[in-house]
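Commentary on secondary and tertiary structure
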Amino acid sequence: MDRVSRMVSEKPVVIFSKSSCCMSHTIQSLFTEFGVNMTVYELDEISRGREIEQALTRLGCNPSVPAVFIGGEFVGGANEVMSLHLKRSLKPMLKRAGALWV
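Residues numbered from 1 in each chain as written. Predicted model: local features only at pLDDT ≥ 70, side-chain atom pairs only at ≥ 80, totals over all residues. Heavy atoms only, no water.

- As named in an unreviewed UniProt entry, the protein is Glutaredoxin domain-containing protein, taken from Penstemon smallii.
- A UniProt comment under Subcellular location (unreviewed entry) is attached to the protein, and it reads "Cytoplasm".
- Its UniProt record gives the protein the following Sequence similarities (unreviewed entry) comment, quoted word for word: "Belongs to the glutaredoxin family. CC-type subfamily." (UniProt positions renumbered as here; feature names shortened; annotations may be inferred.)

1. A few points about the sheet that holds strand β4 (residues 73–76)
- Read from one edge to the other, the open sheet built from four strands follows the order β2-β1-β3-β4, with strand pairing classed as mixed. The outermost strands of the open sheet, each flanked by one partner alone, are β2 (39–42) and β4. Shown here is a sheet whose adjacent strand axes are inclined to one another by a mean of 25°, direction ignored.
- Strands β1 (13–17), β2 and β3 (67–70) of the sheet are contacted by helix α2 (residues 22–34), whose axis makes an angle of about 155° with β1. (Pairing = 2+ DSSP bridges. Helix = DSSP H or I, 4+ residues; strand = E, 2+ residues; numbered from the N terminus. Axes fitted to C-alpha atoms, helices over the stretch in contact; angles between N-to-C directions. Contact = heavy atoms within 4.5 Å.)

2. Observations concerning the environment of S89
- Relative to the assigned elements, S89 resides in the loop between α4 (78–86) and α5 (90–97).
- A relative accessible area of 29% places S89 in the partly exposed class.
- Taking the C-alpha atoms as reference, S89 lies 21 Å from T39; in sequence the two are 50 residues apart. (Buried < 20%, exposed > 50% of the residue type's maximum accessible area, 1.4 Å probe, protein only.)

Given below as structure tokens:
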């Protein structure tokens, strides 16, 4: 868990993903469309990815990907991110974290 905490504190937006996950791709596409400066960790392509995935599950990420952190805080998965977007709360959150300058 310390490793995950370190990883998410280093950048304004961190997404833990898997290259084969369509929901992860959808969230990344949404953030790219916004112009968000994000860091994406593909758990199936990095060393210790399985270990990180288990730590995410212990943090309450279910399913484990996508796991979205904004400003070092766990926001949730695809459902939570889309819900924030529909409530028009996502962009202000991204701006506060320094990930969006518009």
